[in-house]
Every structure is written in structure tokens, then in C-alpha cells.
Amino acid sequence: MSDMDHRPGVHEAYLLKRHLKLEDLDAAKAAAIAQEIDRLVGVDSVALDKDTRRLDVAYDASHLRIEQVEEIVRRHGTDLDHGWWTQFKEGWYRFTDQNVRDNIRHEPWSSTKLPPRR
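None of these values were measured; they are calculated from a predicted model. (Residues numbered from 1 in each chain as written. Predicted model: local features only at pLDDT ≥ 70, side-chain atom pairs only at ≥ 80, totals over all residues. Heavy atoms only, no water.)

(A) Fine view of the overall build of the chain. Of the regular secondary structure elements, the chain holds three helices and four strands. Written out in order from the N terminus, the α and β elements of the chain read β-α-β-β-α-β-α. Put simply, the chain has 118 residues, and 36% of those count as buried. For the chain, long-range pairs separated by at least 24 residues make up 64% of all intrachain contacts whose partners lie at least 6 apart in sequence. About 7800 Å² of surface is accessible on the chain, with carbon and sulfur atoms providing 53% of the total. (Helix = DSSP H or I, 4+ residues; strand = E, 2+ residues; numbered from the N terminus. Buried < 20%, exposed > 50% of the residue type's maximum accessible area, 1.4 Å probe, protein only. Contact = heavy atoms within 4.5 Å. Areas by Shrake-Rupley, 256 points an atom, 1.4 Å probe, with all protein chains shown as cover.)

Written as C-alpha cells, this is what we have:
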């Protein structure tokens, strides 16, 4: 898949796919949440199934963080599931989001180059 297969501004190298279970979700909340997330810069795809209460979102981590998605969920009167698996995944998602952002800013260094002057 190339960058041409994604929404404008979404780079495949920074594309992350997230799957979160939500609490207290009805059809109106699901539609509002999905619509608002879909409008964010960096979102490649979003799907929310009200029956399974599962939010699937793919986004470019150079533009977006999982915390921004969570804020939208909470603003619409629901929250992430409080089970241990969802909490574990949320922590892992935060870690990998930060790792992608750190790697974007990192300048590679090689032993064949002179080290930076201090």
C-alpha cells in the first residue's frame, strides 16, 4: 500500500491502527463520535460498532495522538471500557504513539560521520 492509498496528509510509515472497547454507547453517541473523529487531521479511517462497542481507528501518529481520540469519546458522554485488557492496550498505544513521534524528530547518526560538535 502506498501513500496514494491513504487520505491526504497520512503517511503509511506513521500509520497506527487502534481498537478500543467503549462503555455506555448508543447509536446516537456512536454516530457523533465516529463523525467527529473522522474529521480530525491525520485520521485515515474510523469505524464504530454500537453493538460490540468497538472503536477502530487508523491514524497518522505524526498528526494525532490517542489522547485526542479519547477526549472526543468522553466529550460525547461515554468512556473507554475499564477492563484490564482495554487499560493495558491504552497504555501500550500511548507508548507507541510517543515512540513514533520521538523517531520522527530523531536525526540518524552513523559511525562514518563525525560526531556533532559540542
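After that view, the rundown keeps rolling.
(B) Structural view of the pattern of salt bridges. Inspection of the entire model under this criterion finds twelve salt bridges. Across the pair Lys50 and Asp51 runs a salt bridge, and its minimum N-O distance is 3.0 Å. Taking the relative accessible area as the measure of exposure, Lys50 reaches 40% and is therefore partly exposed. The partner of Arg53 in a salt bridge is Asp81, and the shortest N-O contact between them spans 3.7 Å. One end of the pair, Arg53, is in the loop between strand E2 (43–49) and strand E3 (54–60); the other, Asp81, is in the loop between strand E4 (79–80) and helix H3 (84–105), and 28 residues separate them in sequence. Judged by relative accessible area, which is 18%, Asp81 ranks as buried. (Salt bridge = Lys/Arg side-chain N within 4 Å of Asp/Glu carboxyl O.)

(C) The arrangement of the pairing of E3 in detail. With five of its seven residues buried, E3 lies for the most part within the structure. In this structure, strand E1 (residues 15–23) lies alongside E3, joined through seven bridges in antiparallel fashion. If you follow His19 over to E3, its bridge partner there is Asp56. Summarising the sheet, E2 and E3 pair through six bridges and their orientation is antiparallel. Counted as the bridge partner of Ser45 is Ala58 from E3. (Pairing = 2+ DSSP bridges.)

(D) Highlighting the packing of aromatic side chains. Scanning the entire structure with this criterion turns up three aromatic pairs. On the basis of an interplanar angle of 15 degrees and a centroid distance of 5.6 Å, the ring pair of Trp85 and Phe88 is categorised as stacked. Of the two residues, Trp85 and Phe88 both sit in helix H3, three residues apart, roughly one turn of that helix. Taking 5.4 Å as the distance between ring centres and 35 degrees as the angle between the ring planes, the aromatic pair formed by Trp92 and Phe95 counts as tilted. With a gap of three residues between them, Trp92 and Phe95 both fall in helix H3, about one helical turn apart. The class for Trp92 is partly exposed, based on a relative accessible area of 48%. (Phe/Tyr/Trp six-rings, centres within 6.5 Å; stacked < 30°, edge-to-face > 60°.)

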